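Here's the letter readout for the chains.
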Amino acid sequence: MADQYAAQNAASVAHTDSSLVPALRWEELPEGPVLVLLDQRRLPSEEVELVCTDVPALVDAIHTLAVRGAPLLGLAGAYGLALAAVRGFDVEEAAEKLACARPTAVNLAYGVRRALSAYRNALKGGADLTGAAAAALEEARALHRQDAQASARMAAHGLDLLKELLPGGGYRMLTHCNTGALVSGGTGTAFAVAGAAHRAGELRRLWVDETRPLLQGARLTAYEAARAGMAYTLLTDNAAGSLFSAGEVDAVLVGADRIAADGSVANKVGSYPLAVLARYHHVPFLVVAPTTTIDLGTPDGSAIEVEQRPGHEVTEFAVPGVPEGGSEAGTGVAVAPLGTQTYNPAFDVTPPELVTAIVTENGVLSPVTEAGLAELCDGSRSGNGMMSI
Ligand SMILES: CSC[C@@H](O)[C@@H](O)C(=O)COP(=O)(O)O
């Protein structure tokens, strides 16, 4: 089986430009500051930037997944708050709108809260509105730097863990959704570990789940893997079982949108079935996430709010080239009869007993316990849960 896939590798290596347009950046234009997003709805066909000048535009970009992925949502929240402050919009209202734009990834509310606290503290300290806005922007930039550093540390810890678990090297990793530079100020979460393994010459194959219905694996992870020159193979989500049974998977690596205090992991829908498969086949199931994704304020998996997405994402295929990327009902190709009911949760929750280890920038937790998670987190931060804004 391995030889059959080696031929496909040549095609993926053909991409030589490994540099990615930043997923998000702050830019000072003559007409005022803006937040520039790489529009992820348009990938992989086009690298198009989306310029946000106000909070409603950013909230729409978050809803429609132009900007997505837990750590990047944290940055979008923090910079969005700063944008509101610098442009003189109602900052408290902006905070509320941004923080609840999507409910599951705790990083979004966390990023908003960090920038908002900096803004409020500056005002309390006697700063004027301009000074307070500058403080919010500096906090967003600090979170950005912290996120980039966290990526590098997760990659190093993750690679060490793989060496320990799989001493033979030459890993065949299965990943789900998209967790690379497109979701981070750095190189990402789970994908950053795959990248480290690749650079160490130890990545034999990255199995990429397409990730129905919005195809973050096919459109985004395959795009990043190709750019990095990785040996990767795309599969439909429901082909994962036969891959495990053929003995072709050494480890599963996924990110997380929220990790509850008991270690339950909310991540892109389809992660939980992979964890079940991994346990049955005695394969490690590794969750790679910064501590900003750990929410000690949410006691367990049942308390995590799972975002429900619109039905047209299931009943229609998006057409490449449609400006909205098929994000509006009726802009895709119908693949189900009109009026079909759908079940479209964006995430699922994996219980801690199915997670072999959680890899963070502060180290690796295995087995996953409530006390261990609390220790991994900074003592000064008692969870990222619901903020009072
Ligand atoms: C980026 S790391 C972890 C997660 O945010 C990622 O796996 C994921 O589920 C993203 O979902 P998305 O709906 O694309 O925002």
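Residues numbered from 1 in each chain as written. Predicted model: local features only at pLDDT ≥ 70, side-chain atom pairs only at ≥ 80, totals over all residues.

With an unreviewed UniProt entry as reference, the protein chain is termed Methylthioribose-1-phosphate isomerase, source organism Streptomyces olivoverticillatus. Listed under Sequence similarities (unreviewed entry) in UniProt, the entry text for the protein chain is "Belongs to the EIF-2B alpha/beta/delta subunits family. MtnA subfamily." Per UniProt, the protein chain carries the Function (unreviewed entry) text "Catalyzes the interconversion of methylthioribose-1-phosphate (MTR-1-P) into methylthioribulose-1-phosphate (MTRu-1-P)." (UniProt positions renumbered as here; feature names shortened; annotations may be inferred.)

(A) Focus on the domain arrangement of the protein chain. Per the domain assignment, the segments of the protein chain are domain 1 (24–146) and domain 2 (153–376). The C-alpha centroid of domain 2 is placed 25 Å from the C-alpha centroid of domain 1. The interface is formed by 23 residues belonging to domain 1 together with 31 residues belonging to domain 2. Where the side of domain 1 that touches domain 2 is concerned, the elements lending two or more residues are helix H3 (70–86) and helix H5 (106–124). Considering each element in turn, the side of domain 1 that touches domain 2 owes the most residues, five residues, to H3. (Domains from an automatic or database assignment. Contact = placed C-beta atoms within 7 Å. Helix = DSSP H or I, 4+ residues; strand = E, 2+ residues; numbered from the N terminus.)

(B) Up close: the UniProt feature "active site" (unreviewed entry) in the protein chain. On the UniProt side, "active site" (unreviewed entry) is annotated at positions that read Asp-257 here. Here Asp-257 shows up in the loop between strand S7 (251–254) and strand S8 (258–260). We classify Asp-257 as buried; it has 30 C-beta atoms within 10 Å. If we ignore the near neighbours within four places in the chain, the residues touching Asp-257 are Ala-70, Thr-104, Ala-105, Ala-266, Asn-267, Thr-293 and Phe-347. (Buried ≥ 20, exposed ≤ 12 C-beta atoms within 10 Å, placed from the backbone.)

(C) How the structure looks around the sheet that holds strand S16 (residues 363–365). Read from one edge of the open sheet, seven strands run S6-S5-S4-S7-S10-S15-S16, paired in mixed fashion. The open sheet is flanked by strand S6 (232–235) and S16, the only strands paired with a single partner. When the angles between neighbouring strand axes are averaged without regard to direction, this sheet yields 25°. Alignment of strand S4 (residues 171–175) against S7, held across three bridges, turns out to be parallel. Pairing of Thr-175 across the sheet is with Leu-253, part of S7. Contacts from helix H8 (residues 216–228) reach S4, strand S5 (203–209) and S6, with the element oriented near 160° to S5. (Pairing = 2+ DSSP bridges. Axes fitted to C-alpha atoms, helices over the stretch in contact; angles between N-to-C directions.)

(D) Just the pairing of strand S2 (residues 32–38), in detail. Note that strand S1 (residues 24–29) and S2 share six bridges and pair antiparallel. In the strand pairing of S2, Leu-29 is matched with Gly-32. What sits between the antiparallel neighbours S1 and S2 is a turn of two residues. Two elements, S2 and strand S3 (residues 49–52), share four bridges in a ladder whose sense is antiparallel. Paired with Leu-38 across the strands is Glu-49, a residue of S3.

(E) Quick look at the sheet that holds S3. Strand order in the open sheet made by the three strands is S1-S2-S3, with antiparallel pairing throughout. Looking at which strands have only one partner, the edges of the open sheet turn out to be S1 and S3. Put simply, the sheet's adjacent strands are angled 30° from each other on average, direction ignored. On the sheet, helix H2 (residues 55–63) packs against S2 and S3 and is oriented at approximately 140° with respect to S3.

(F) Geometry of the environment of Asp-147. Secondary-structure assignment places Asp-147 in helix H6 (residues 129–165). What Asp-147 contacts, discounting residues up to four positions off in sequence, is Pro-71, Leu-75, Ser-184, Gly-185, Gly-186 and Pro-290.

(G) Quick peek at the site of the ligand. Neighbouring the ligand are 17 residues, the closest being Arg-68, Gly-69, Ala-70, Gly-255 and Lys-268. When residues of the shell around the ligand are traced back to their parent elements, those giving at least two are H3 and strand S9 (265–268). Of the residues that constitute the shell around the ligand, the class distribution is eight nonpolar, six polar and three charged. Split by domain, the residues of the shell around the ligand number at least three in each of domain 1 (24–146) and domain 2 (153–376). (Near = placed C-beta within 6 Å. Nonpolar A, V, L, I, M, F, W, Y, C, P; charged D, E, K, R; others polar.)

(H) Structural context of the packing of H3 against H5. In contact at an axis separation of 6 Å, H3 and H5 are set at 30° when each is read in the N-to-C sense. As for how H3 packs across H5, the hand of that crossing is right-handed. On H5, the residues that touch Ala-70, Pro-71, Leu-73, Gly-74, Leu-75, Ala-76, Gly-77, Ala-78, Leu-81, Ala-82 and Ala-85 of H3 are Asn-107, Leu-108, Ala-109, Tyr-110, Gly-111, Val-112, Arg-114, Ala-115, Leu-116 and Tyr-119. Taken together, the residues of the contact of H3 with H5 sort by class into 16 nonpolar, four polar and one charged. (Left-handed = near helix turned anticlockwise from the far one by under 90°.)

(I) Representation of the nonpolar core in the model. Leu-81, Ala-82, Tyr-119, Ala-136, Val-193 and Val-252 are the most contacted members of the largest nonpolar core, which totals 119 residues. With residues up to four places along the chain from it excluded, the contact list for Val-252 reads Leu-174, Leu-274, Ala-278, Val-283, Phe-285 and Leu-286. (Core = buried A, V, L, I, M, F, W, Y, C linked by C-beta atoms within 7 Å.)

(J) Spatial organisation of the confidence of the model for the protein chain. Looking at the protein chain as a whole, the pLDDT averages 91, with 90% of positions reaching at least 70. Within the model, the stretch residues 1–18 combines pLDDT values under 50 with 19 contacts to residues more than four positions away or in other chains. Residue range residues 379–389 is modelled with pLDDT below 50. Its contacts to residues more than four positions away, or to other chains, number 24 contacts. Reported confidence for the predicted complex is 0.98 by ipTM and 0.92 by pTM. (pLDDT = per-residue confidence, 0-100.)

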